[in-house]
Amino acid sequence: MLLSRYQDVLVEAGCDEAGRGCLAGPVFAAAVILPPDFQHVLLTDSKQLSAAQRAELRPIIETYAVAFAVASVSPQEIDRINIHNASYLAMHRALDTLGLEAEYIIVDGNRFIPYRKTPHCCIVKGDGKYLSIAAASILAKTYRDDYMESLAMDFPEYGWCQNKGYPTIQHRSAILEHGITPHHRRTFRVTDPQLSLF
């Protein structure tokens, strides 16, 4: 069972991102504040769930969350500031638009750029330990997947409905055959005929 809180004094938001390792599309991030007594039997790290389970959980999270927000950083911004900084910027943007100000932030992973003067804690594999981070991972993942599926209608040859922009063999082969789109991250280049990623 995942934990509801890292600390019990301040209003706590969980943050996570989706799409860091993709060749195309924005990186998305979410921030979620859950009620202290919230529990759901399915809620865990989004990577451990099926697409159907994530789709089931998203409206539940959005209904019961005290506050939630989802934000993104474009491929052009990623190329300019690098994917690590872009991931933190997406989290900051989500925190900016929360309906309730977070007094404490818990973040999935081992690094974070401080948000304003708000105290935070980085938690490795936090999306499998804390409900609010798990909820943020599900929102970030489902919003990003929906966005990539909408782009796929205009660029069907890249298989984004299936790979969501991740560097699968199908996606890399399509880049080598058709070139890049305005939605590709130009600093994430595929140059080797054997499909090595550089």
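These remarks concern the structure in this document.

Cut-offs and rules
- Residues numbered from 1 in each chain as written.
- Predicted model: local features only at pLDDT ≥ 70, side-chain atom pairs only at ≥ 80, totals over all residues.
- Heavy atoms only, no water.
- Helix = DSSP H or I, 4+ residues; strand = E, 2+ residues; numbered from the N terminus.
- Contact = heavy atoms within 4.5 Å.
- Phe/Tyr/Trp six-rings, centres within 6.5 Å; stacked < 30°, edge-to-face > 60°.
- Buried < 20%, exposed > 50% of the residue type's maximum accessible area, 1.4 Å probe, protein only.
- Pairing = 2+ DSSP bridges.
- Axes fitted to C-alpha atoms, helices over the stretch in contact; angles between N-to-C directions.
- Core = buried A, V, L, I, M, F, W, Y, C linked by side-chain atoms within 4.5 Å.

Overview of the environment of Leu-95
Right, on to step 1. Note that Leu-95 resides in helix H3 (residues 83–96).
Right, on to step 2. Once the C-alpha coordinates of Leu-95 and Ser-173 are considered, the two residues, 78 residues apart in sequence, prove to be 37 Å apart.
Right, on to step 3. With residues up to four places along the chain from it excluded, the contact list for Leu-95 reads Ala-13, Cys-15, Ala-31, Ala-102, Ile-105, Phe-112 and Tyr-115.

Notes on the packing of aromatic side chains
Right, on to step 1. Applying the stated rule across the entire model yields eight aromatic pairs.
Right, on to step 2. On the basis of an interplanar angle of 40° and a centroid distance of 6.2 Å, the ring pair of Phe-38 and Tyr-64 is categorised as tilted. Of this pair, Phe-38 sits in the loop between strand E2 (27–33) and helix H1 (51–64) while Tyr-64 sits in helix H1; the two residues are 26 residues apart in sequence, bridging distant segments of the chain.
Right, on to step 3. Taking relative accessible area as the criterion, Phe-38 reaches 8% and is therefore assigned buried.
Right, on to step 4. Judged by its relative accessible area of 51%, Tyr-64 is exposed.
Right, on to step 5. Each ring, one from Phe-155 and one from Trp-160, has its centre 5.7 Å from the other, and the planes form 50°; the classification is tilted. Both residues of the pair, Phe-155 and Trp-160, count as buried.

Quick notes on the sheet that holds strand E4 (residues 104–108)
Right, on to step 1. Read across the open sheet, the five strands follow the order E3-E2-E1-E4-E5; overall the sheet is mixed. Lying at the two open borders of the sheet, with one neighbouring strand each, are strand E3 (67–73) and strand E5 (120–123). With strand direction ignored, the average angle separating the axes of adjacent strands in the sheet is 20°.
Right, on to step 2. Across four bridges, the pairing between strand E1 (residues 12–18) and E4 is parallel. Looking at the pairing, Gly-14 lines up with Ile-106 of E4.
Right, on to step 3. Each of E1, E2, E3 and E4 touches H3; the most contacted strand, E2, lies at about 40° to it.

A look at the environment of Ile-81
Right, on to step 1. On the secondary structure map, Ile-81 appears in helix H2 (residues 75–81).
Right, on to step 2. The class of Ile-81 is partly exposed, set by a relative accessible area of 26%.
Right, on to step 3. Setting aside its immediate chain neighbours within four residues, Ile-81 contacts Ala-86 and Leu-89.

Observations regarding unusual backbone geometry
With the exception of glycine, the majority of residues adopt a negative phi angle, and the majority of peptide bonds are in the trans configuration.
Right, on to step 1. Phi at Arg-116 takes a positive value of approximately 50°, unusual for a residue other than glycine.
Right, on to step 2. One can find Arg-116 in the loop between E4 and E5.
Right, on to step 3. One non-glycine residue, Lys-125, lies in positive phi territory at about 55°.
Right, on to step 4. Assignment of secondary structure puts Lys-125 in the loop between E5 and helix H4 (131–152).
Right, on to step 5. For Lys-125, a relative accessible area of 62% gives the class exposed.

Digging into the nonpolar core
Right, on to step 1. Core analysis: the largest hydrophobic core is formed by 36 residues, its most contacted members being Leu-95, Leu-98 and Trp-160.
Right, on to step 2. Those elements that place two or more of their residues in this core are E1, E2, E3, H3, E4, H4 and helix H6 (169–178).
Right, on to step 3. No other element matches H3, which puts seven residues into this core.
Right, on to step 4. When residues no more than four places from it in sequence are discounted, the contact partners of Leu-98 are Ala-13, Ala-31, Ile-33, Ala-67, Phe-68 and Ala-69.

Treat this as a map of the structure, not an account of what it does.
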